[in-house]
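# A structural walkthrough
Each chain, letter by letter, is given below.
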Amino acid sequence: QVQLVESGGGLAQPGGSLRLSCAASGIIFSRHVMAWYRQAPGKQRELVAVATTNGDRNYGDSVRGRFTISRDNAKNTVYLKMNSLQPEDTAVYYCSARDIVTPLMEPYWGQGTQVTVSS
């Protein structure tokens, strides 16, 4: 039974911060590439950040310098620290886990957590 459980979403003011967490179970966490995506109404799903199994960190252009992805393999958890939030960051945020052993398979997905940035 694979499960990705997200937490930390909610309402923030412009310029504020939020920290998202995604706890994974039922997988060998250390061999999965973890990523955060987001999707706003009427828009395509957008890659936000990636944490590979070998220490690389990658970010989408719109969040680079403001967001930080990190992972704790001992806790089977990936985080997304979001600073300097703007209304354009409003979206449903999803975490995903892709097994490097089966890279062409569909990744696992969390249920999504709403982030709303508004004054």
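This text goes with the structure placed above it.
Now for a look at the structure at hand. All residue numbers here refer to positions counted from 1 along the written sequence of the relevant chain. Reporting of local features is limited, given that this is a predicted model, to residues whose pLDDT is at least 70; pairs of side-chain atoms are given and counted only at 80 or more, and all residues count toward the totals for whole chains, interfaces and linings. Excluded from the side-chain calculations are hydrogens and water; all other atoms, namely the structure's heavy atoms, are used.

## Topic: the state of the cysteines
What counts, and what does not: Any cysteine sulfur atom paired with another within 2.5 Å is treated as part of a disulfide. Numbering of helices and strands runs from the N terminus, with a helix taken as a DSSP run of H or I at least four residues long and a strand as a DSSP run of E at least two residues long. Categorising residues by exposure relies on relative accessible area from a 1.4 Å probe, with only protein chains included: less than 20% of the type maximum marks a residue as buried, more than 50% marks it as exposed, and the intermediate range marks it as partly exposed.
Within this structure, the stated rule accounts for one disulfide. Across a sulfur-sulfur distance of 1.9 Å, Cys22 and Cys95 are joined as a disulfide pair. Given an S-S torsion of about 40°, the disulfide between Cys22 and Cys95 has right-handed geometry. Of the two residues, Cys22 sits in strand β3 (residues 18-25) while Cys95 sits in strand β9 (residues 91-99), which places them 73 residues apart along the sequence. Classification of Cys22 by relative accessible area gives buried; the value is 0%. The exposure class of Cys95 is buried, given its relative accessible area of 0%.

## Things to note about the pairing of strand β7 (residues 67-72)
The side chains of a regular strand alternate, first on one face of the sheet and then on the other. Spelled out, the test is: Pairs of strands are assigned from DSSP output, requiring at least two bridges between the strands.
Here β7 shows a buried face lined by Phe67, Ile69 and Arg71 and an unburied face lined by Thr68, Ser70 and Asp72. In this sheet, strand β8 (residues 77-82) lies alongside β7 in antiparallel orientation, the contact comprising six bridges. Bridging across to β8, Thr68 finds its partner in Lys81. Remark: four residues form the turn of the hairpin made by β7 and β8, two consecutive strands paired antiparallel; Asn76 in that turn has positive phi of roughly 50°.

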